[in-house]
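# Structure at a glance
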Amino acid sequence: MGEVNNVTEFVLLGLTQDPSAQIALFVMFLLIYIVTMLGSLLIVVTILASPSLGSPMYFFLANLSLIDAVYSSTISPKFLMDLLSNGKTISFLACMSQLFIAHLFGGAEVFLLVAMAYDRYVAICKPLYYLTIMNRRVCIFFLVVSWDAGFAHSVTQLVFVSRLPFCGPNVINHFVCDMYPLLELARTDTCLIGLTMVANGGSICVVIFTLLLISYGIILNSLRIQSQEGRRKALSTCSSHISVVALFFIPCIFMYVRPVSNFSFDKFIAIFYTLITPLLNPLIYTLRNSEIKNSMEKLWLKNLITERSCY
């Protein structure tokens, strides 16, 4: 730990070295990034502009969409630039910043999904007390806890990684700065640090994923006493949440619940939870939620009428 760190920048190998493949990947991931940003921001704007979407569920959904937009922006712009450049370098400070911000927003999303699961539990299992239990103060409390927990997780990762002695080589076999690729470059025994990181990130993923599965199991079990219309609406909402939870947690568990090692296919798994999942989240919530779709149609129709009246 006391060794000098001579590395001022890292070289990211990315997904491929083939120039033609890089151009094809650039076009594909640029479209993914644009759709992710438009979809996430559209959800945020729609919820903020629609009084009918003032329930706690949509408060959490707006924050989740905002997290997806920033989380994707932490990874995608640098990744896209690297696909078009020969020198795929990133400074030490930028690498640590990317690591910190990605884990901050990723950690916040993990705990926000817990808040969303609790919100659905109260709404479905205790509907008469829903607005009393899930009042504005409670919603803000859950949001603050999510960010605090994400910050604590991210700081822990950063403290351990940034203090490692990097004396060369400086080539990262990945498209992003992450824990395991960086641990491989450290000129010291990282076994204990790796176990600490697995205990930090991996245990969070496993414990929370298990709790979420149990909570949604309780919710689905309670639907037996609901009316047919209530059951249909609750199933539609819960299926969207369960899909988002599965898409986010399964790749993360695969990546972080194992001994410290960096496999060649890790970067393709990372593509899924860093770039694909933020794309799918807004699509899942809009396609499966009639209230959001109706509010979007009203919002755009209102704007169209306003624009026409100006002419």
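Looking at an unreviewed UniProt entry, one finds the protein chain named Olfactory receptor and attributed to Fukomys damarensis. According to the UniProt record, the Sequence similarities (unreviewed entry) comment for the protein chain reads "Belongs to the G-protein coupled receptor 1 family." Quoted verbatim from the Subcellular location (unreviewed entry) heading of the UniProt record, the comment on the protein chain is "Cell membrane".

### Describing the overall build of the protein chain
Helix and strand content of the protein chain: 10 helices and 3 strands. From first element to last, N terminus to C terminus, the protein chain shows the α and β order β-α-α-β-α-α-α-β-α-α-α-α-α. In summary, the protein chain has a C-alpha radius of gyration of 21 Å against a globular reference of 19 Å for 311 residues, a match within 12%. Seen through its C-alpha atoms, the protein chain measures out along the principal axes to roughly 65 × 50 × 30 Å. A burial count over the protein chain gives 50% of its 311 residues as buried. Within the protein chain, contacts between residues separated by at least 24 positions form 80% of all contacts whose residues are at least 6 apart in sequence. Working note: accessible area of the protein chain is about 15100 Å², and carbon and sulfur atoms make up 69% of it. Distance between charge centres in the protein chain, computed from 19 positive and 16 negative side chains, equals 12 Å.

### Considering the UniProt feature "transmembrane region" (unreviewed entry) in the protein chain
As recorded in UniProt, the sites labelled "transmembrane region" (unreviewed entry) are residues 20-45, 57-76, 96-118, 138-160, 192-214, 234-256 and 268-287. What you have in residues 20-45 is 100% helix and 0% strand, and the ends, taken at the C-alpha atoms, are 38 Å apart. Helix makes up 100% of residues 268-287 and strand 0%, whereas the separation of the span's terminal C-alpha atoms amounts to 26 Å.

### A short note on the state of the cysteines
Counted under the stated rule, the structure contains 1 disulfide. Disulfide pairing places C95 opposite C177 at an S-S distance of 2.0 Å. Note on the C95 and C177 pair: the S-S dihedral is about -125°, so by sign convention the disulfide is left-handed. Taken together, the residues span a long stretch of sequence, with C95 in helix α3 (residues 92-125) and C177 in the loop between β3 (171-172) and α6 (179-185) at a distance of 82 residues. The closest cysteine sulfur to the non-disulfide-bonded C205 is located on C252, 5.0 Å from its own sulfur.

### Quick notes on the sheet that holds strand β2 (residues 89-91)
One open sheet holds the 3 strands; their spatial order is β2-β1-β3, and the pairing between them is mixed. Only two strands of the sheet have a single neighbouring strand rather than two, namely β2 and β3. The sheet contact formed by strand β1 (residues 9-12) and β3 spans 2 bridges and is parallel. Each residue of the ladder has a partner; that of L12, found in β3, is I172. This element, α3, spans β1, β2 and β3 of the sheet and lies at about 85° to β2.

### Details of a nonpolar patch on the surface
A cluster of nonpolar residues, I23, V27, L31 and L84, forms a patch on the protein surface that exposes about 390 Å² of accessible area. Ranked by residues supplied to the nonpolar patch, first place goes to helix α1 (residues 19-49) with 3 residues. L84 sits in the exposed class, given a relative accessible area of 54%.

### Observations regarding helix α5 (residues 136-162)
Taking 1.5 Å per residue, 27 residues should reach 39 Å; α5 reaches 38 Å between its end C-alpha atoms and fits that length. Of all the residues in α5, the buried ones are C139, L143, S146, G150, H153, S154, Q157 and V161. Capping of α5 at its N-terminal end is provided by N135; its side-chain oxygen lies 3.1 Å from the backbone amide nitrogen of R137.

### Brief notes about the side chain of S295
Mapped onto the elements, S295 comes out in helix α10 (residues 290-310). Residue S295 is classed as buried on the basis of its relative accessible area of 6%. Ignoring any residue separated from it by four or fewer positions in sequence, one finds S295 in contact with T46, S50, S52 and L53.

### Quick look at the nonpolar core
Membership of the largest hydrophobic core comes to 94 residues, with the highest contact counts inside it found for F10, F29, L113, F166, L182 and F249. When residues in this core are grouped by element, the largest group, 18 residues, is from α3.

### Side note on the packing of aromatic side chains
A full pass over the atoms with the stated rule returns 14 aromatic pairs. Seen from their ring centres, F105 and W147 are 5.1 Å apart, and the 90° between their planes marks the pair as edge-to-face. With F105 in helix α3 and W147 in helix α5, the pair connects residues that are 42 residues apart, well separated along the chain. Residue classification places F105 among the buried positions, given a relative accessible area of 14%. Cluster of aromatic residues (ring-pair linked, three or more members): F59, F60, Y118, Y121, F141 and F142.

What counts, and where the lines are drawn
- Residues numbered from 1 in each chain as written.
- Predicted model: local features only at pLDDT ≥ 70, side-chain atom pairs only at ≥ 80, totals over all residues.
- Heavy atoms only, no water.
- UniProt positions renumbered as here; feature names shortened; annotations may be inferred.
- Helix = DSSP H or I, 4+ residues; strand = E, 2+ residues; numbered from the N terminus.
- Rg over C-alpha atoms; globule rule 2.2 N^0.38 Å.
- Buried < 20%, exposed > 50% of the residue type's maximum accessible area, 1.4 Å probe, protein only.
- Contact = heavy atoms within 4.5 Å.
- Areas by Shrake-Rupley, 256 points an atom, 1.4 Å probe, with all protein chains shown as cover.
- Lys, Arg positive; Asp, Glu negative; His and termini not counted.
- Charge placed at Lys NZ, Arg CZ, Asp CG, Glu CD.
- Disulfide = S-S within 2.5 Å.
- Pairing = 2+ DSSP bridges.
- Axes fitted to C-alpha atoms, helices over the stretch in contact; angles between N-to-C directions.
- Patch = residues over 30% accessible without salt bridge, like charges linked within 9 Å, V, L, I, M, F, W, Y side chains within 5 Å.
- Salt bridge = Lys/Arg side-chain N within 4 Å of Asp/Glu carboxyl O.
- Expected span 1.5 Å × (residues − 1).
- Polar contact = N/O pair within 3.5 Å; in protein donor to acceptor, adjacent residues only side chain to side chain.
- Core = buried A, V, L, I, M, F, W, Y, C linked by side-chain atoms within 4.5 Å.
- Phe/Tyr/Trp six-rings, centres within 6.5 Å; stacked < 30°, edge-to-face > 60°.

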